[in-house]
Each structure stands twice: as structure tokens, then as C-alpha cells.
Amino acid sequence: MLGFLKSDPKKKLQKAYEDKLAKALDAQRNGDLRTHGTLMEEAEKIYAEIQALDEKKS
């Protein structure tokens, strides 16, 4: 009945994914490729979680 009050885990993961990508882009622009690589790995893990949620709902 009050399902609209529950937070959507996909939205939270999507926001975290976009933040990681933005930070990775900034690191790349600043020439810090090591940090860029680390952030991209973390972003890929978050993306995998998003995909898992999508498969679960299907």
C-alpha cells in the first residue's frame, strides 16, 4: 500500500554509478590514470549490480 515510500535501490545504484563515472572523468582529465582505472573498476562493479537487479525483476 505504501510502496511508493520505499526507496528504489536501482536509483541509488544509478546515482552512485554516475558519480563514479564523473570522478573517473575528472581524474583522467587531470592525468591521474591510476585513479581513473580504480574508479572505472568500481563503476563497473556498480553497473553489474544494476544489471543483476534488472534481471531479477524480469
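Shown above is the structure to which this text applies.
Residues numbered from 1 in each chain as written. Predicted model: local features only at pLDDT ≥ 70, side-chain atom pairs only at ≥ 80, totals over all residues. Heavy atoms only, no water.

### Topic: the packing of aromatic side chains
Line of reasoning, step 1. Within this structure, the stated rule accounts for one aromatic pair.
Line of reasoning, step 2. Ring geometry for Tyr17 against Tyr47: centres 5.4 Å apart, planes inclined by 35°, an arrangement best described as tilted. Linking Tyr17 in helix α1 (residues 9-29) with Tyr47 in helix α2 (residues 33-57), this pair joins segments that are 30 residues apart in sequence. (Phe/Tyr/Trp six-rings, centres within 6.5 Å; stacked < 30°, edge-to-face > 60°. Helix = DSSP H or I, 4+ residues; strand = E, 2+ residues; numbered from the N terminus.)

### Quick word on the nonpolar core
Line of reasoning, step 1. Residues Leu13, Tyr17, Ala43, Ile46 and Ile50 constitute the largest nonpolar core, which totals five residues.
Line of reasoning, step 2. Only α1 and α2 provide two or more residues apiece to this core.
Line of reasoning, step 3. Sorting elements by how many residues they give to this core places α2 first, with three residues.
Line of reasoning, step 4. Excluding residues within four positions of it along the chain, Ala43 makes contact with Tyr17, Lys20 and Leu21. (Core = buried A, V, L, I, M, F, W, Y, C linked by side-chain atoms within 4.5 Å. Buried < 20%, exposed > 50% of the residue type's maximum accessible area, 1.4 Å probe, protein only. Contact = heavy atoms within 4.5 Å.)

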